[in-house]
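Letter by letter, the chains look like this.
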Protein chains: 2
Amino acid sequence: MTDPRTAPLDTVFAALADPTRRAILTMLLEDDMAVTDVAEPFEMSLAAISKHLTILAGAGLITQEKRGRVKWCKLEPDALKSASVWMQGFGQFEPVNLDAFEAFLERELGRDGDAGDMA
Amino acid sequence: MTDPRTAPLDTVFAALADPTRRAILTMLLEDDMAVTDVAEPFEMSLAAISKHLTILAGAGLITQEKRGRVKWCKLEPDALKSASVWMQGFGQFEPVNLDAFEAFLERELGRDGDAGDMA
DNA sequence: GCAATGGTCAACCGATCGGTTGAATAAGAC
DNA sequence: GTCTTATTCAACCGATCGGTTGACCATTGC
């Protein structure tokens, strides 16, 4: 129910500061997922992932909707807008470089997203 | 084991998660400042501000240069680029709205930047 | 009904965080 | 030299963080 646009910068940046949570966001970029499926690639407990999802939801970065016994997680990119706008002000308002983003995305997927070395 | 490739995002986002540190960055947007002058508007000790500046420098968001007995703090907006690029990927690559940025800047200055209610 | 599945809750743990204080170091000012 | 200013260091504090475990609640399937 919280408007993602009004989520304070504190919680958004704090949520983004954790590599596991950034990896989760990257996964949700592809599709909505159930909590158990989000947790699958990680080496930590389901409860830990559940906490991470609560933090992401608290920051407005995702929403969670329960259908039956499955809770679906959905990315809410709009919550990033305020933080992005805030940050952009410190650069010379340079245009976003898509190639650079793709490179970062690959690194995130290949590293954080890989449960192999996240212990 | 922290991944050196994604560590920058960790430290940058963590540094931005604190309102005092964001207020410092906003102050440095105007001009370079000495540590004591950075600390002046805040209600906390100089040592606390010194720690905040160390964290900002560790994230690459500022640099500090000692001239005489004064240590000057300088904004380094380029450190925001990687984080900004990462974030922008979750939106529709929308162009930055300058008016929106100014509104946020004012809110930051009026709330976080005011030493009156920062306890 | 009963068992399995999906997810959270509660208590606990060590590490880190944001702050304090007081002493220490370094560089001007006189 | 001595006093003052600028800044950090070191030790400490309570709160929060990221994780664990085991018990608990819901929903589904047989």
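Throughout what follows, the structure given in this document is the object of discussion. (Residues numbered from 1 in each chain as written. Chains lettered and ligands numbered in written order. Predicted model: local features only at pLDDT ≥ 70, side-chain atom pairs only at ≥ 80, totals over all residues. Heavy atoms only, no water.)

**Here's the deal with the packing of helix H5 (residues 79-88) of chain A against helix H5 (residues 79-88) of chain B**
The N-to-C vectors of H5 of chain A and H5 of chain B enclose an angle of 150°; their axes lie 10 Å apart at closest approach. Compared by their axis directions, H5 of chain A and H5 of chain B come out roughly antiparallel. Handedness of the H5 of chain A/H5 of chain B crossing: left-handed. Between H5 of chain A, through Leu80, Ala83, Ser84, Met87 and Gln88 of chain A, and H5 of chain B, the contact on the second element is made entirely by Leu80, Ala83, Ser84, Met87 and Gln88 of chain B. (Axes fitted to C-alpha atoms, helices over the stretch in contact; angles between N-to-C directions. Helix = DSSP H or I, 4+ residues; strand = E, 2+ residues; numbered from the N terminus. Parallel < 35°, antiparallel > 145°, perpendicular 65-115°, else oblique. Left-handed = near helix turned anticlockwise from the far one by under 90°. Contact = heavy atoms within 4.5 Å.)

**Re the environment of leucine 75 of chain B**
Looking at the secondary structure, you find leucine 75 of chain B in strand E3 (residues 70-75). The exposure class of leucine 75 of chain B is buried, given its relative accessible area of 11%. In this structure, the C-alpha to C-alpha distance between leucine 75 of chain B and isoleucine 62 of chain B, residues 13 residues apart in sequence, is 4.5 Å. Beyond its immediate sequence surroundings of up to four residues, leucine 75 of chain B is in contact with Phe90 of chain A together with Leu25, Leu28, Leu29, Leu61 and Ile62 of chain B. (Buried < 20%, exposed > 50% of the residue type's maximum accessible area, 1.4 Å probe, protein only.)

**Quick look at the pairing of strand E3 (residues 70-75) of chain A**
Residue and element names in this part refer to chain A. Two elements, strand E1 (residues 33-34) and E3, share 2 bridges in a ladder whose sense is antiparallel. Across the sheet, the residue bridging to methionine 33 is cysteine 73, located in E3. Two strands pair when backbone bridges link them, and strand E2 (residues 62-67) and E3 are joined in this way by 6 bridges, in the antiparallel orientation. The residue of E3 that forms the bridge with isoleucine 62 is leucine 75. The turn joining E2 and E3, which pair antiparallel and follow one another in sequence, is formed by 2 residues; a positive phi near 70° is taken by glycine 68. (Pairing = 2+ DSSP bridges.)

**Things to note about the protein's contact with DNA strand D**
Among the 21 residues in the neighbourhood of DNA strand D, the closest are listed as Lys51 and His52 of chain A together with Thr36, Ser50 and Lys71 of chain B. Restricting the count to atoms of DNA strand D within 4 Å of the protein gives a sugar and phosphate share of 66%. Within the side chain of arginine 69 of chain A, a nitrogen or oxygen atom sits 3.0 Å from a base oxygen of DNA strand D. Between DNA strand D and the protein, one listed contact pairs a phosphate oxygen with a side-chain N or O atom of lysine 71 of chain B at 2.8 Å. Put simply, the parts of the chain that give the surface near DNA strand D at least two residues each are helix H4 (46-58) of chain A together with helix H3 (35-39), helix H4 (46-58) and E3 of chain B. Ranked by residues supplied to the surface near DNA strand D, first place goes to H4 of chain A with 5 residues. The residue inventory of the surface near DNA strand D, partitioned by class, reads 9 nonpolar, 5 polar and 7 charged. (Near = heavy atom within 4 Å. Polar contact = N/O pair within 3.5 Å; in protein donor to acceptor, adjacent residues only side chain to side chain. Nonpolar A, V, L, I, M, F, W, Y, C, P; charged D, E, K, R; others polar.)

Fair warning: the whole summary comes from geometry, so function is off the table for now.
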